[in-house]
Amino acid sequence: MNRQAFLRILGVSSLLPLSWLWSRMILTQDKYLTASVSQKKFRNLADGINLFDEVIIVRNPGKTMVFSSRCTHAGCRITRSENNILLCPCHGSRYDATTGKVLKGPAFESLHPLPFSLDQITGTITVKI
Ligand code: FES
């Protein structure tokens, strides 16, 4: 066997394990994505800021916003609000409750909005977490 034939066989034989690894990566990723999405329903919410474990729902007449309660600085849960400002208890970041934008650091990234749907008849808000 000459050198060129040896390299050809080596190249072809390495494709099989690589294709197996690739398929495992794709299957694992799909499983992870499916498992990570869940829904939570919220009913009878008052206007203004509603703080929950994972979710912040801000209801104003004609407009509802839903944010993740994770601070974008280091991931602490935002548990307090004052005068339409969301306060992180860990290092003092402040966010505008209407837009989720940072008003004071150390965070520099806005709160992450979460996809949701609002049932106009029942007022139920379904959030994908
Ligand atoms: S985790 Fe919120 S300010 Fe640091």
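Scroll up for the structure.
Below, the structure is looked at part by part. (Residues numbered from 1 in each chain as written. Predicted model: local features only at pLDDT ≥ 70, side-chain atom pairs only at ≥ 80, totals over all residues. Heavy atoms only, no water.)

Topic: the sheet that holds strand 2 (residues 48-51)
Within the open sheet, the 3 strands sit side by side as 2-3-4. Their pairing is antiparallel. Edge strands, defined here as strands with exactly one partner in the open sheet, are strand 2 and strand 4 (63-68). Averaged over neighbouring strand pairs, the angle between their axes works out to 15 degrees when direction is ignored. Sheet topology note: the strand 2/strand 3 (residues 55-60) ladder contains 4 bridges and is antiparallel. Its bridge partner being in strand 3, I49 is matched across the sheet by V58. (Pairing = 2+ DSSP bridges. Helix = DSSP H or I, 4+ residues; strand = E, 2+ residues; numbered from the N terminus. Axes fitted to C-alpha atoms, helices over the stretch in contact; angles between N-to-C directions.)

Topic: the side chain of T72
Its location among the elements puts T72 in the loop between strand 4 and strand 5 (80-82). Accessibility expressed as a relative area gives 18% for T72, which makes it buried. Side chain to side chain, T72 and Y95 meet in a polar contact 3.1 Å long. (Buried < 20%, exposed > 50% of the residue type's maximum accessible area, 1.4 Å probe, protein only. Polar contact = N/O pair within 3.5 Å; in protein donor to acceptor, adjacent residues only side chain to side chain.)

Concerning the packing of aromatic side chains
Counted by the stated rule, this structure contains 1 aromatic pair. Considering the side-chain rings of F42 and F52, the 4.6 Å spacing of their centres and the 45 degrees angle between planes classify their relative orientation as tilted. You can see F42 sitting in strand 1 (residues 39-42) and its partner F52 sitting in the loop between strand 2 and strand 3, a full 10 residues away along the chain. (Phe/Tyr/Trp six-rings, centres within 6.5 Å; stacked < 30°, edge-to-face > 60°.)

So, the state of the cysteines
Linking two cysteines covalently via their sulfur atoms produces the bond known as a disulfide. Applying the stated criterion across every chain yields a total of 1 disulfide. Here C76 engages in a disulfide with C90; their sulfurs sit 1.9 Å apart. Taking the torsion about the sulfur-sulfur bond, which here is approximately -95 degrees, the covalent link between C76 and C90 counts as left-handed. Here C76, found in the loop between strand 4 and strand 5, pairs with C90, found in the loop between strand 6 (85-87) and strand 7 (94-96); they are 14 residues apart in sequence, far enough to count as distant. (Disulfide = S-S within 2.5 Å.)

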